[in-house]
Amino acid sequence: MSLIVQKYGGTSVAGVNRIKNVAERIVGAKKAGNSVVAVVSALGGKTDELIRMAKEINPFPSDREMDMLMSTGEQMSSALLAMAVHSLGYDAISLTGGQVGIMTDDSHTKARIVSIDPEKVSKEIEIGRIVIVAGFQGVSSSRDITTLGRGGSDTTAVALAAVLKADACEIYTDVDGVYTADPRIVPEARKISVISYEEMLEMASLGAKVMQARSVEFAKKYDVPIHVRSSFNNEDGTFIVKEAKEMEEAVVRGVTVARNEAKVTLSKVPDIPGIAAKVFKNIAESNINIDMIIQNVSEHGTTDLTFTVVKSDLDKLLGTIENISKEIGIEGFKTDEDIAKVSVVGIGMKSHAGVAAIMFNALAETGINIEMISTSEIKISCVIREEYAEKAVRILHEKFELENK
Ligand code: ADP
Ligand code: ASP
Ligand code: MG
């Protein structure tokens, strides 16, 4: 008998009829002779709604209370889904992250899974029950409920598949698989049939929200093969695997855009050894991740330091900048939220020169100014004005001929 972990995203359970549809799929897998663990997201839009309500009540809600609040979304959908399975005559039990034994660190709203004790899930599976797990959540060593960052149900599913040594991990969503670009932006985007963990991890980290980046990290680390597919049809979707020999040769696999970052510039920072270390130590201690960093040429012993952070960390960052200012003395700072980061990703770049030139040229021809650049072996990212984000994605998709391969 095979063990299948299935994950259903928010759109797939947005409303009573869709929940019933998902219950039928789960029961279908059970009837076919499998043990099934289904991880479920909150009903589509629910998490956003909860965040909006919280901010109306308190513009700076505590992260701990946010986790108490946001985790209820998945608790609701998991219970409803269990009831839907019951009404089809099958035995099912819904469990929260804590009940499943998902232990995390205490970094509320973006916690990392530290360990999973699968005993309870395994027992439930043994007695033949369908296990329905509230995604996106765990519990810290101080028994506080934590959440795993937006899109975190993907990580719940992959982590459970790893620890349960599942035979398959299926991510059911509202698109047919992973595309060469977000199909909502580029209608000509093509479904990728097989993609490596490495490329998927870059695409996810750079804005392709179809999979949460951390879930792909998990899959890569524990070698969990993933099948991303639609919950509305039975077509094969995209297989995410270690290394796909049958993968088509492509220099650029996909184009992504991230609009969740902001640019921060600290002005007139003393240009002496140890200053950057102090600045970024302060920021790291506030649990804020930095992405790109640029330091300008020094003038009169001071320099400007520009970096990007996710917008949701900006409020927290402002407090940190005050501390930095006290510690090392800076003239001031600016934040700019109207930016987007467009990226091209592909393993083929390791052995092909010239991708950057094509990318920069395509943006230049379209009159799009590049404000920051960062590269790795398998990706090139440019920060541009947000208003050009979609145009840039479409142009790059076309230039790299992603639709006709
Ligand atoms: P779920 O609620 O099922 O987790 P998400 O909204 O998190 O679904 O992710 C699916 C969405 O990701 C799609 O609707 C699509 O708009 C978006 N997306 C962004 N980039 C890509 C891509 N390269 N391929 C497929 N979907 C993408
Ligand atoms: N409900 C959470 C979110 O909207 C987690 C998830 O959907 O994976 O981010
Ligand atoms: Mg998602």
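Here the structure is a predicted model, which means the values were calculated and not measured. (Residues numbered from 1 in each chain as written. Chains lettered and ligands numbered in written order. Predicted model: local features only at pLDDT ≥ 70, side-chain atom pairs only at ≥ 80, totals over all residues. Heavy atoms only, no water.)

S.K.: Could you give me a rundown of the overall build of the protein, with the residues and numbers involved?
M.R.: Counting secondary structure elements, the protein contains 12 helices and 20 strands. For 405 residues, the compact-globule estimate of 2.2 N^0.38 gives 22 Å, and the C-alpha radius of gyration of the protein, at 22 Å, lies within 12% of that figure. On the principal axes, the C-alpha backbone points of the protein span a range of 75 × 50 × 35 Å. Looking at the protein as a whole, 51% of its 405 residues are labelled buried. Of the contacts formed within the protein by residues at least 6 apart in sequence, a portion of 75% connects residues at least 24 apart. A total of about 18,600 Å² of accessible surface is found on the protein, and carbon and sulfur atoms cover 50% of it. When the 46 positive and 57 negative side-chain charges of the protein are each reduced to one mean point, those points stand 3 Å apart. (Helix = DSSP H or I, 4+ residues; strand = E, 2+ residues; numbered from the N terminus. Rg over C-alpha atoms; globule rule 2.2 N^0.38 Å. Buried < 20%, exposed > 50% of the residue type's maximum accessible area, 1.4 Å probe, protein only. Contact = heavy atoms within 4.5 Å. Areas by Shrake-Rupley, 256 points an atom, 1.4 Å probe, with all protein chains shown as cover. Lys, Arg positive; Asp, Glu negative; His and termini not counted. Charge placed at Lys NZ, Arg CZ, Asp CG, Glu CD.)

S.K.: How would you explain unusual backbone geometry if you had to name every residue and give the values?
M.R.: In this structure, Thr109 is a non-glycine residue whose phi angle is positive, near 75°. When you line up the elements, Thr109 lands in the loop between β4 (102-104) and β5 (113-116). One non-glycine residue with positive phi stands out, namely Arg143, at about 65°. Here Arg143 shows up in the loop between β7 (137-140) and β8 (145-147).

S.K.: Outline the site of ligand 1, supporting the account with residue identities and numerical values.
M.R.: As a matter of local geometry, ligand 1 sits amid 19 residues, with Thr173, Asp174, Tyr179, Asp182 and Arg184 nearest to it. Within the backbone of Gly10, an N or O atom sits 3.0 Å from an oxygen atom of ligand 1. Within the complex, 90% of the 570 Å² of free accessible area of ligand 1 lies under protein. (Near = heavy atom within 4 Å. Polar contact = N/O pair within 3.5 Å; in protein donor to acceptor, adjacent residues only side chain to side chain.)

S.K.: Go over the site of ligand 2 with me, naming the residues and quoting the values.
M.R.: In the vicinity of ligand 2, the contacting residues are Ser41, Ala42, Thr47, Glu74, Phe136, Arg150, Gly151, Gly152 and Ser153. Between a nitrogen atom of ligand 2 and a side-chain N or O atom of Thr47, the distance comes to 2.8 Å. Gly151 has a polar backbone atom sitting 2.9 Å from an oxygen atom of ligand 2. Expressed as a share of its isolated accessible area of 260 Å², the protein-covered part of ligand 2 is 86%. Grouping the amino acids of the shell around ligand 2 by side-chain chemistry returns two nonpolar, five polar and two charged. (Nonpolar A, V, L, I, M, F, W, Y, C, P; charged D, E, K, R; others polar.)

S.K.: An account of the packing of helix α9 (residues 275-285) against helix α10 (residues 314-328) is requested, with residue identities and associated values reported.
M.R.: α10 packs onto α9 with a crossing angle of 145° between their chain directions and a minimal axis gap of 9 Å. The interaxial crossing formed by α9 with α10 has right-handed handedness. Here Ile275, Lys278, Val279, Asn282 and Ile283 of α9 come into contact with α10, specifically with Leu317, Thr320, Asn323, Ile324, Glu327 and Ile328. The residue inventory of the contact of α9 with α10, partitioned by class, reads six nonpolar, three polar and two charged. (Axes fitted to C-alpha atoms, helices over the stretch in contact; angles between N-to-C directions. Left-handed = near helix turned anticlockwise from the far one by under 90°.)

S.K.: So what about the nonpolar core? Which residues, and what values?
M.R.: Nonpolar side chains in soluble globular proteins generally cluster together in the buried interior. Grouped together as the largest cluster of nonpolar side chains are 45 residues, with contacts concentrated most on Val37, Met200 and Met211. When residues of this core are assigned to their parent elements, the largest contribution, six residues, is made by helix α6 (residues 153-163). Residue contacts for Val37: discarding those within four places in its chain leaves Leu3, Ile4, Val5, Gln6, Val121, Ile125, Val131, Val133, Leu160 and Leu164. Core analysis: the second largest hydrophobic core is formed by 26 residues, Val252, Ile384, Val393 and Leu402 among them. (Core = buried A, V, L, I, M, F, W, Y, C linked by side-chain atoms within 4.5 Å.)

S.K.: Go over the sheet that holds strand β19 (residues 372-376) with me, naming the residues and quoting the values.
M.R.: Sheet strands pair via backbone hydrogen bonds, and the direction of the pair is either parallel or antiparallel. As summarised here, the arrangement of the four strands in space is β13-β18-β20-β19, forming an open sheet in which the pairing is antiparallel. Since the sheet does not close on itself, it has two edges, and those belong to β13 (254-258) and β19, each with one partner. Neighbour-to-neighbour, the strand axes of this sheet turn through a mean angle of 20°, independent of strand direction. Where β13 lies against strand β18 (residues 339-345), five bridges are found, and the strand directions are antiparallel. Across the sheet, the residue bridging to Ala258 is Lys341, located in β18. Across the sheet, helix α7 (residues 197-205) lies against β13, β18, β19 and β20 (379-385), angled at about 170° from β18, the strand it touches most. Along the sheet, helix α11 (residues 355-365) contacts β18, β19 and β20; its crossing angle with β20, the most-contacted strand, is approximately 15°. (Pairing = 2+ DSSP bridges.)

S.K.: Give a description of α7 that names residues and reports values.
M.R.: The buried count for α7 comes to seven of nine residues, which makes it a mostly enclosed element. Looking at α7, one finds that the buried residues are Tyr197, Glu199, Met200, Leu201, Glu202, Met203 and Ala204. Taken from the residues just after α7, Gly207 is the one with a positive phi, measuring 120°.

S.K.: Help me get a handle on the sheet that holds strand β14 (residues 261-270), residues and values and all.
M.R.: A sheet is described by the order of its strands in space; here four strands give the open sequence β15-β16-β14-β17, paired in antiparallel fashion. Taken across any chain shown, the strands that pair with only one partner, and hence form the sheet edges, are β15 (290-295) and β17 (332-336). Mean inter-strand twist for the sheet, computed between neighbouring axes without regard to direction, equals 20°. Pairing of β15 with strand β16 (residues 302-310), which is carried by four bridges, proceeds in the antiparallel orientation. Residue Ile293 lies in a different strand from β16, and its bridge partner there is Phe307. Packing against the sheet, α10 makes contact with β14, β16 and β17, and its axis sits at approximately 5° to β14.

Function cannot be inferred from these measures alone, as they are strictly geometric.
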